[in-house]
Amino acid sequence: MNIPSRYDALAMSLHWIMALLIIGLWCLGLVLEDLPKGDLRGQMFGLHKAFGTIVLILAATRLTWRLTHSAPPLPDGMPGLERLAAKAGHAALYLLMIALPLDGILMSQTGGREVSVFGWVAPTLMGKNDFWHEVFEDGHGLLAWALAAILVGHVLAALRHHFVVKDDVLARMLPGGK
Ligand code: HEM
């Protein structure tokens, strides 16, 4: 396989579109439960579920890209432990980008609600089931906080590469970066 020095346009677009969507969904998820019952709450839940399902589809596309392409190599002088942390962090992010929305779909369906993406209804993976609904409900919160924790580390690492170590790790994920 060809070893690139930068991420390509598809990888960069997926990375930044998904970053915006995931951060938006995370913030929306935080306030959803506190919204008063009514039309606005229903619409916000609908948007959270629709965009969450879009994230799942994009994550599957991105994972396919990753399994069929090489990522740019990490900088030469990077210590072994940091390399391991970067690889483990990326793997955990891929896992959570799939597991969190999938858990959300299963939580809705086991709660007896369908998941609709602007008119397209997602296939039913599980029917109504109170026990599994509770499991997926608890799981959704845990997975969301795990994603937030890993993301904080991911963003701090990217900023450290750029501003402290001053290598090209952030630039190669930015359009127009050198
Ligand atoms: C929800 C938000 C985000 C998610 C889910 C996410 C996820 C990921 C994943 C899975 C990779 C690995 C790509 C590969 O397979 O090689 C990656 C790479 C990268 N991300 Fe993010 N990211 C997010 C937000 C951010 C933000 C806000 C920044 C910058 C401040 C950032 C900077 C980077 C950089 C620089 C790389 C490339 C690392 C390298 O070249 O090894 N990410 N991101």
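Residues numbered from 1 in each chain as written. Predicted model: local features only at pLDDT ≥ 70, side-chain atom pairs only at ≥ 80, totals over all residues. Heavy atoms only, no water.

1. Here we look at unusual backbone geometry
Then, number 1: Of note in the backbone geometry, Phe118 takes a positive phi value of approximately 45° without being a glycine.
Then, number 2: Residue position: Phe118 is located in the loop between strand E1 (116-117) and strand E2 (120-121).
Then, number 3: A positive phi angle, close to 60°, is found at Lys166, a residue other than glycine.
Then, number 4: By secondary structure assignment, the location of Lys166 is in the segment after helix H4 (130-165). (Helix = DSSP H or I, 4+ residues; strand = E, 2+ residues; numbered from the N terminus.)

2. Focus on the coordination of the iron atom of the ligand
Then, number 1: At the metal site, the iron atom of the ligand is ligated by His15 (NE2) and His154 (NE2), and these contacts range over 2.0 Å.
Then, number 2: Between the six donor atoms coordinating the iron atom of the ligand, the angles at the centre fall across 88 to 180°, so the site counts as octahedral. Within this pair, whereas His15 is found in helix H1 (residues 9-32), its partner His154 is found in helix H4, the two being separated by 139 residues in sequence.
Then, number 3: Residue classification places His15 among the buried residues on the basis of a relative accessible area of 13%. (Donors = N, O, S within 2.8 Å, 3.2 Å for Na, K, Ca; no water. Tetrahedral: all angles 85-135°; square planar, octahedral: opposite > 155°, others 65-115°. Buried < 20%, exposed > 50% of the residue type's maximum accessible area, 1.4 Å probe, protein only.)

3. Some details on the nonpolar core
Then, number 1: Of all hydrophobic cores here, the largest spans 13 residues; its most connected members are Met18, Ile22, Val55, Ala59, Met97, Leu100 and Leu147.
Then, number 2: The element contributing the most residues to this core is helix H3 (residues 80-110), with five residues.
Then, number 3: Beyond its immediate stretch of four places on either side in the chain, Ile22 contacts Val55, Met97, Leu147 and Leu151.
Then, number 4: Membership of the second largest hydrophobic core comes to six residues, among which are Met12, Trp65, Ala71 and Met173. (Core = buried A, V, L, I, M, F, W, Y, C linked by side-chain atoms within 4.5 Å. Contact = heavy atoms within 4.5 Å.)

4. A short note on the site of the ligand
Then, number 1: The full set close to the ligand counts 21 residues, and Tyr7, His15, Arg66, Tyr94 and His154 are the nearest of them.
Then, number 2: His15 places a side-chain nitrogen or oxygen 2.8 Å from a nitrogen atom of the ligand.
Then, number 3: Placement of the ligand is best described as lying within the largest pocket.
Then, number 4: Listed by contribution, the elements that provide at least two residues to the shell around the ligand are H1, helix H2 (39-68), H3 and H4.
Then, number 5: Of the residues assigned to the shell around the ligand, the class counts are 15 nonpolar, three polar and three charged. (Near = heavy atom within 4 Å. Polar contact = N/O pair within 3.5 Å; in protein donor to acceptor, adjacent residues only side chain to side chain. 1 Å grid on protein atoms, 1.4 Å probe; cavity = no way out; pocket = protein on both sides within 12 Å on 5 of 7 lines; lining within 4 Å. Sits in = over half its atoms within 2 Å of the grid points. Nonpolar A, V, L, I, M, F, W, Y, C, P; charged D, E, K, R; others polar.)

5. Digging into the packing of aromatic side chains
Then, number 1: Throughout the structure, instances matching the rule amount to five aromatic pairs.
Then, number 2: Considering the side-chain rings of Phe131 and Trp132, the 5.3 Å spacing of their centres and the 80° angle between planes classify their relative orientation as edge-to-face.
Then, number 3: Its relative accessible area of 56% is what places Phe131 among the exposed residues.
Then, number 4: Among the aromatic residues, those joined into a cluster by ring pairs are Phe131, Trp132 and Phe136. (Phe/Tyr/Trp six-rings, centres within 6.5 Å; stacked < 30°, edge-to-face > 60°.)

6. A word on the packing of H2 against H3
Then, number 1: Orientation of H2 relative to H3, taken along the N-to-C sense of each, is 145°, at an axis distance of 9 Å. Note that H2 runs across H3; the crossing there is left-handed. Of the residues in H3, those in contact with Lys49, Gly52, Thr53, Val55, Leu56, Ala59, Ala60, Arg62, Leu63 and Arg66 of H2 are Tyr94, Met97, Ile98, Pro101, Leu102, Ile105 and Ser108.
Then, number 2: The class makeup of the residues in the contact of H2 with H3 is 11 nonpolar, three polar and three charged. (Axes fitted to C-alpha atoms, helices over the stretch in contact; angles between N-to-C directions. Left-handed = near helix turned anticlockwise from the far one by under 90°.)

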